[in-house]
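Results of the structural survey
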Amino acid sequence: SSGINAEWPLRPGSSKCLEAIKTSDGICSLSDSDWKYKDDKTNWLTEFDLTCDRIYLISLGTTIYFLGFFLSVSPLCIFVDKFGRKTSSLVFLVLQIACMALLWTSNSITQILAVRFLLGALHGGASISVCVTTSEFTSPRYATLFMMLSSAGFSIGGGVAGLFAKWSSYWQFTVLPPIVMSVLCTAVFWYLIPETPYWLFAKGYESRAIDSINIVAYYNKTPKLEHVELVSSSGEVIPPKKSQSLGIIFKSDILRNSIIFLAFNWFTVSICYYGLEFNAGTLGDEYLVMMVMGCFDTPFKIFLFYFAETYGRQISTQTYLVSCLVCLVLSGLSFLDRISVYGNFTVKTFLVVSGRAFGGSCFALFYIYTGEILPTLARSLGMSICSTSARVGSLLAPMVILVNQISPSIIYVFIVVCLVIAISMLRRIPETLGQPLPNSIQDCERLFESQGMMPSKSRLSRSDVGGKPF
């Protein structure tokens with residue numbers, strides 16, 4: 001309506017509303033019936049009037065989601081270890097579908113926030129169970145390819161979601177694509193994917209482990225097996241054993257340092273990926289920038305796969321993180337924001353989108369890298385710790401909207417500092433390309449020792465684990 005000079009209408013009575021209304025006496029006197037939204041497209045803002053003093057609820061919806069993810073990952077990894085990868089994945093996916101159906105029918109912002117929390121928790125559990133299943137079912141030769149294709153699918157999905165959101169008249173329709181994909185994933189897990197032989201054998205289900213391997217052998221057209229043993233890289237037979245506690249894992253200098261270094265790298269790529277995504281609104285049309293980000297991600301991830309399989313995981317992640325660092329530093333040059341590439345896309349926009357693609361592409365590789373560093377019985381717990389640290393970055397990301405009101409440069413400075421620390425930490429993690437998947441702490445020690453990274457004195461001795469290989 002007349003007198004409003006804002007991106008969207010502001011509720012009368014707030015300080016922000018007074019700044020947006022042009023009146024002679026500086027007092028906002030419009031009633032709710034004197035203004036309307038600029039188009040008929042619905043979203044949380046328009047449907048629940050999240051304006052002025054309620055605008056924070058938009059960011060809160062994302063923060064609540066990541067909070068659910070953050071709080072659920074470590075507890076649900078116990079569920080994954082106890083009941084198996086396949087069972088856990090099915091449970092999480094089915095409940096996720098139910099929660100998305102509830103989101104579709106929600107008629108208040110309070111209900112949406114509650115459902116978003118549950119969705120974050122279930123997504124946290126599903127991400128761990130699915131990724132551990134992938135690492136345990138895929139041979140080292142094809143693990144990177146499979147994860148890169150999966151990650152490329154994630155990027156394409158993000159671009160499609162941005163396009164869907166741009167052209168959907170009702171926000172409820174944006175829930176439809178993830179519901180359809182979750183149903184398809186549930187069907188795939190139910191009919192095609194057996195329980196992983198690693199978990200079955202570790203729990204003492206030897207006959208079921210052989211059946212699981214023979215299902216894979218059938219698909220691969222290779223001979224069936226009649227007997228199987230879990231062995232370390234030195235050939236020692238590892239008996240079935242329960243997953244180890246957090247205390248035992250952190251008694252090992254090797255595992256403790258590896259998890260800390262990897263966890264910080266997960267945090268860094270998370271704040272880089274999601275922080276720059278939430279910053280998209282400062283770079284132009286938010287939906288269009290998000291679509292471009294999704295398109296950029298895919299070729300960057302495909303090239304990272306080739307790079308990681310040719311030169312190794314360590315050099316690949318370091319190169320990509322350094323490239324991300326360079327892009328973000330260059331984007332700070334003010335004159336680049338005045339050089340147009342296409343329309344309102346400037347050189348700065350191109351650099352920021354490229355930096356996000358470089359940093360975000362490392363997500364998929366870190367899933368593989370972490371699984372190849374940690375031993376079998378500590379893999380789920382270690383992955384959950386790293387994933388939890390990534391969710392800390394995700395929790396901080398929505399704050400970008402509020403921080404931008406102080407200075408848009410703060411998020412770039414913070415990410416650059418994190419990248420410098422993360423790159424230095426990666427130098428302490430060994431290369432895993434071509435190495436067998438570790439099944440014990442002793443395997444991890446041999447891996448570090450073979451590359452000259454073994455600590456001078458390891459505090460974990462065989463007496464700590466009963467004199468047997470862990």
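Residues numbered from 1 in each chain as written. Predicted model: local features only at pLDDT ≥ 70, side-chain atom pairs only at ≥ 80, totals over all residues. Heavy atoms only, no water.

Secondary structure assignment for the protein yields 18 helices and 2 strands. Residues classed as buried in the protein amount to 51% of the 470 residues present. Sequence-distant contacts, at least 24 apart, represent 77% of the contacts inside the protein between residues at least 6 apart. As displayed, the protein has an accessible area near 22,000 Å², and 65% of this comes from carbon and sulfur atoms. (Helix = DSSP H or I, 4+ residues; strand = E, 2+ residues; numbered from the N terminus. Buried < 20%, exposed > 50% of the residue type's maximum accessible area, 1.4 Å probe, protein only. Contact = heavy atoms within 4.5 Å. Areas by Shrake-Rupley, 256 points an atom, 1.4 Å probe, with all protein chains shown as cover.)

Okay, the pattern of salt bridges next. Taken as a whole and assessed by the stated rule, the structure comprises 4 salt bridges. Two residues, Asp 253 and Arg 256, come together in a salt bridge whose shortest N-O distance is 3.0 Å. Taken together, the positions of Asp 253 and Arg 256, both in helix H11 (residues 253–278) and 3 residues apart, correspond to about one turn of that helix. As a salt-bridge pair, Asp 443 and Arg 446 come within 2.8 Å of each other at their nearest N and O atoms. Highlighted residues: Asp 443 and Arg 446, both in helix H18 (residues 441–450), separated by 3 residues, approximately one helical turn. Relative accessible area serves as the criterion here: at 4%, Asp 443 is assigned to the buried category. Arg 446 sits in the partly exposed class, given a relative accessible area of 29%. Counted as one network, the salt bridges with shared partners bring together Glu 309, Arg 313 and Glu 372. (Salt bridge = Lys/Arg side-chain N within 4 Å of Asp/Glu carboxyl O.)

Within this structure, the stated rule accounts for 15 aromatic pairs. Considering the side-chain rings of Trp 199 and Tyr 205, the 6.1 Å spacing of their centres and the 45° angle between planes classify their relative orientation as tilted. Taking the relative accessible area as the measure of exposure, Trp 199 reaches 7% and is therefore buried. With a centroid separation of 5.1 Å and 75° between ring planes, the pair formed by Phe 307 and Tyr 311 is classed as edge-to-face. With Phe 307 and Tyr 311 both in helix H12 (residues 286–311) and 4 residues apart, the pair spans about one turn of that helix. Note on Phe 307: relative accessible area 13%, which makes it buried. When the ring centre of Tyr 205 is taken as origin, the NZ or CZ atom of Arg 208, which lies over that ring, is 5.2 Å away. Across the ring face of Tyr 273, the terminal group of Arg 356 is positioned such that the distance to the ring centre comes to 3.9 Å. (Phe/Tyr/Trp six-rings, centres within 6.5 Å; stacked < 30°, edge-to-face > 60°. Lys NZ or Arg CZ within 6 Å of the ring centre and 35° of its normal.)

Within soluble globular proteins, side chains that are nonpolar tend to cluster in buried spots. Among the nonpolar cores identified, the biggest contains 86 residues, and Ile 109, Leu 328, Phe 366 and Ile 415 are the most heavily contacted of them. Broken down by element, this core gets its largest block of residues, 13 residues, from H11. Not counting residues within four places of it along the chain, the set of residues in contact with Leu 328 comprises Leu 276, Tyr 412, Ile 415, Val 416 and Leu 419. (Core = buried A, V, L, I, M, F, W, Y, C linked by side-chain atoms within 4.5 Å.)

Running from N to C, helix H13 (residues 313–331) and helix H17 (residues 409–426) cross one another at 160°; their axes reach a closest spacing of 10 Å. Viewed along their axes, H13 and H17 adopt a mutual orientation that is roughly antiparallel. Every pair of crossing elements has a handedness; the one defined by H13 and H17 is left-handed. In contact with Gln 314, Thr 317, Gln 318, Leu 321, Val 322, Cys 324, Leu 325, Leu 328, Val 329 and Ser 331 of H13, H17 contributes Tyr 412, Ile 415, Val 416, Leu 419, Val 420, Ile 423 and Leu 426. When grouped by side-chain class, the residues that make up the contact of H13 with H17 number 13 nonpolar, 4 polar and no charged. (Axes fitted to C-alpha atoms, helices over the stretch in contact; angles between N-to-C directions. Parallel < 35°, antiparallel > 145°, perpendicular 65-115°, else oblique. Left-handed = near helix turned anticlockwise from the far one by under 90°. Nonpolar A, V, L, I, M, F, W, Y, C, P; charged D, E, K, R; others polar.)

Glancing now at helix H5 (residues 109–137). For H5, spanning 29 residues, the distance from its first C-alpha to its last is 41 Å, which sits close to the expected 42 Å at 1.5 Å a residue. Within H5, 21 of the 29 residues are buried, which leaves it mostly tucked inside the rest of the structure. (Expected span 1.5 Å × (residues − 1).)

On to the environment of Gln 451, then. In this fold, Gln 451 is placed in the segment after H18. Looking at Gln 451, the relative accessible area reads 30%, which means it is partly exposed. Separated by 22 residues in sequence, Gln 451 and Ile 429 place their C-alpha atoms 9.6 Å apart. The residues touching Gln 451, leaving out its near neighbours within four places in the chain, are Pro 430 and Glu 431.

Let's shift gears to the environment of Val 417. As for its position among the elements, Val 417 is in helix H17. Linking Val 417 and Leu 325, residues 92 residues apart in sequence, is a C-alpha distance of 9.0 Å.

Turning next to unusual backbone geometry. Phi is positive for Lys 221, which is not a glycine, with a value near 60°. If you trace the backbone, Lys 221 turns up in the loop between helix H9 (206–220) and helix H10 (246–251).

As a further point, take the confidence of the model for the protein. When pLDDT is averaged along the protein, the result is 76; 74% of the residues meet or exceed 70. Across residues 1–28, where pLDDT falls below 50, the model places 51 contacts with residues more than four positions away in sequence or in other chains. With pLDDT under 50 throughout, residues 458–470 is counted as low confidence; its partners more than four residues away or in other chains account for 30 contacts. (pLDDT = per-residue confidence, 0-100.)

Residue placement: Ser 72 occurs in helix H3 (residues 56–83). Given the relative accessible area of 7%, Ser 72 is considered buried. A polar contact of 3.2 Å, which involves the side chain of Ser 72, links it to the backbone oxygen of Phe 69. Within the structure, Ser 72 has its side chain in polar contact with the backbone oxygen of Ala 121 (distance 2.9 Å). With sequence-adjacent residues up to four places away left out, Ser 72 is seen in contact with Gly 120, Ala 121, Gly 124 and Gly 125. (Polar contact = N/O pair within 3.5 Å; in protein donor to acceptor, adjacent residues only side chain to side chain.)

Turning our attention to a nonpolar patch on the surface. Among the surface-exposed residues, Val 188, Trp 190, Tyr 191, Leu 192, Ile 215, Tyr 218 and Tyr 219 lie close enough to one another that they form a single nonpolar patch of about 850 Å² accessible area. Counting residues per element, the ones that place at least two in the nonpolar patch are helix H7 (176–191) and H9. Tracing the chain through its elements places Val 188 in helix H7. (Patch = residues over 30% accessible without salt bridge, like charges linked within 9 Å, V, L, I, M, F, W, Y side chains within 5 Å.)

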